[in-house]
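Fold and geometry: a report
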Amino acid sequence: VTLHVEAERLSAWISGELPERDVVVVRMHVESCAACAKAEVELRAQILATRGLDRPEPPPTLWPAIEGALDNAERLPWSWPSSLAGALAGAAIVVAVVWGIARGGHPTENVPAQAQVPQAQARPLTEDPLLLEAESELQRAAESYEQAVNRLRRILEREQTHWDPETRARVGDRLARLDEAVVHSRAVARRDPSDSSGADMLFSAYRRQIDFLAEAVHRGSPALGEGLR
Amino acid sequence: MSVKESDNTMYAAADGDAGIGPLTLTRDERVREEAALVDAVRRGAPGSREALYHRYKRRVFALVSRIAGPSEAEEVAQEAFIRIFKGLPRFRGESAVGTWIYRLAVNAALSHRSRRPPPTGPLDEITEGGSTLGSALPASSWGPGDRDAVLRGRLERGLARLPSGYRTVIILHDIEGLEHEEIAAVLRCHVGTSKSQLHKARARLRALLAADGITAADLRGGGPGS
């Protein structure tokens, strides 16, 4: 029966990490055994090829995301997970701009929503480039909110592993109701895109979701449990 | 030379993340340079955070990409860098900055992976880049232009199939070029553990590549039959 050198020992031998007495044994065996000599060649080639693997370049968005998250974390009086803060800030800015576009003025102008409706209805949506742009911005804002919500949900899932089942269930029920509100307001917003009140309702639902999730993540199980009683 | 002037020189040299640092510097010079950069970040010197990021971005991104998976890399790298910048004020210099950064990056990647394990199923569907190409074509059919990308893809695929512990050690040693002492500091394990894990990892990778039809000739770039 021929006993070959195991790949682990070959690796140690190649790296010069075998005890001196074993080095001689392994070398003699490899010199006289074609199978082990082949295994050694393959292992050396593998190590060289692995060393030659490149380091991929990170995407150019990575640093701005890190910087934004750090800046936001430093601005917030209490500490949300930093990556989330960037997403929320982004969503808030987009929403503010979108409201301004959708209402035909600056976001700071306090124009009643009703006053915009006849104007929007008078011009079909598909022919109004401003409204088309607004609709596209609204879509992007909704996506930003959804990303923030999804991130918070993932964080919450991690946090919840330490919670008692009763609180988890209550939080789950509350989230389910908030989800329903989002689904409902999304349907309203889609029914008449020219009416900005649908979008208002949708973003309000998103904000309630985010507020609740952020509160849950930030305050944790005991405080939240009391708040839900 | 004032501290600020020193910082400016350093930031310019730091950009690019090539290897451990500028090749013209000795190890001691690199250590001093990195310590100065860390000090600048702690003091809030303008541009210092970004300089530190550029110095380590590729190392951190590559590391987390290979441990947590390419599709998770951006999120994990972001998390790792946030941990790094938030942790810097508490960094006491008990290890080299690079070792400490590797530790935070590895921890971020491993904890991410434990929270969100990679999808199961045929590996071709869950790996990225050249992997699918590599698995779709038998080695005998590779054209000269395909060979490097295919091999890289298959190697990456093999690495991705290793258990996390093996994969982490082989990445740190064979790809990132860390010594066992540094790996032991990163993973907070014994040097002997790092060595034994590395050899087991290489052996497992060899078996995986062999099962994938990759020969020494392929790995050397000569292709089948050469």
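Heads up: the structure comes first, above all this text.
Read on for an overview of the structure. The model shown is predicted, which means the values in this text are computed figures rather than measured ones.

Concerning the overall build of chain B
Of regular secondary structure, chain B possesses twelve helices and zero strands. Ordering the α and β elements of chain B from the N terminus gives α-α-α-α-α-α-α-α-α-α-α-α. When each of the 226 residues of chain B is scored for burial, the buried share is 49%. Intrachain contacts of chain B at a sequence separation of at least 6 include 66% that bridge at least 24 residues. Surface exposure of chain B reaches about 10,200 Å², of which carbon and sulfur atoms provide 53%.

As for unusual backbone geometry
Residues and elements named next belong to chain B. Positive phi values are uncommon outside glycine, yet arginine 188 reaches one of about 55°. In this structure, arginine 188 sits in the loop between helix H10 (180–187) and helix H11 (191–211). Overall, arginine 188 belongs to the exposed group, its relative accessible area being 66%.

Some details on the nonpolar core
Within the largest apolar cluster, 61 residues are counted, with the highest numbers of intra-cluster contacts made by Ile66 of chain A together with Phe85 of chain B. Broken down by element, this core gets its largest block of residues, ten residues, from helix H3 (residues 48–68) of chain B. Leu138, Ala142, Leu156 and Ala205 of chain A belong to the second-largest nonpolar core, a separate cluster that totals 24 residues.

Points about the interface of chain A and chain B
At the interface, 38 residues of chain A touch 42 residues of chain B. Approximately 3,900 Å² of surface area, both sides summed, lies buried where chain A meets chain B, with 59% of it carried by carbon and sulfur atoms. Among the residues chain A hides against chain B, the three largest losses belong to Leu53, Arg55 and Trp63 of chain A. Together they make up 21% of the total. The interface formed by chain A and chain B includes five salt bridges. Glutamate 57 of chain A is paired through a salt bridge with lysine 57 of chain B; the nearest N and O atoms lie 3.3 Å apart. For the interface between chain A and chain B, the tally reads 16 residue pairs in polar contact (both at pLDDT 80 or more). For the side of chain A that touches chain B, the residue count by class is 18 nonpolar, eight polar and twelve charged.

Description of the pattern of salt bridges
A complete count under the given rule lists 20 salt bridges over all chains for this structure. Here arginine 170 of chain A and glutamate 166 of chain A are joined by a salt bridge, their closest N and O atoms 3.0 Å apart. Here glutamate 166 of chain A and arginine 170 of chain A lie together in helix H8 (residues 165–191), a separation of four residues that amounts to about one turn. Close ionic contact of arginine 202 of chain B with aspartate 174 of chain B constitutes a salt bridge, the shortest N to O distance being 2.9 Å. Remark: aspartate 174 of chain B occurs in helix H9 (residues 164–175) and arginine 202 of chain B occurs in helix H11; sequence separation between them is 28 residues.

Reading guide: rules and limits
Residues numbered from 1 in each chain as written. Chains lettered and ligands numbered in written order. Predicted model: local features only at pLDDT ≥ 70, side-chain atom pairs only at ≥ 80, totals over all residues. Heavy atoms only, no water. Helix = DSSP H or I, 4+ residues; strand = E, 2+ residues; numbered from the N terminus. Buried < 20%, exposed > 50% of the residue type's maximum accessible area, 1.4 Å probe, protein only. Contact = heavy atoms within 4.5 Å. Areas by Shrake-Rupley, 256 points an atom, 1.4 Å probe, with all protein chains shown as cover. Core = buried A, V, L, I, M, F, W, Y, C linked by side-chain atoms within 4.5 Å. Buried area = accessible area lost by both parts, 1.4 Å probe. Salt bridge = Lys/Arg side-chain N within 4 Å of Asp/Glu carboxyl O. Polar contact = N/O pair within 3.5 Å; in protein donor to acceptor, adjacent residues only side chain to side chain. Nonpolar A, V, L, I, M, F, W, Y, C, P; charged D, E, K, R; others polar.

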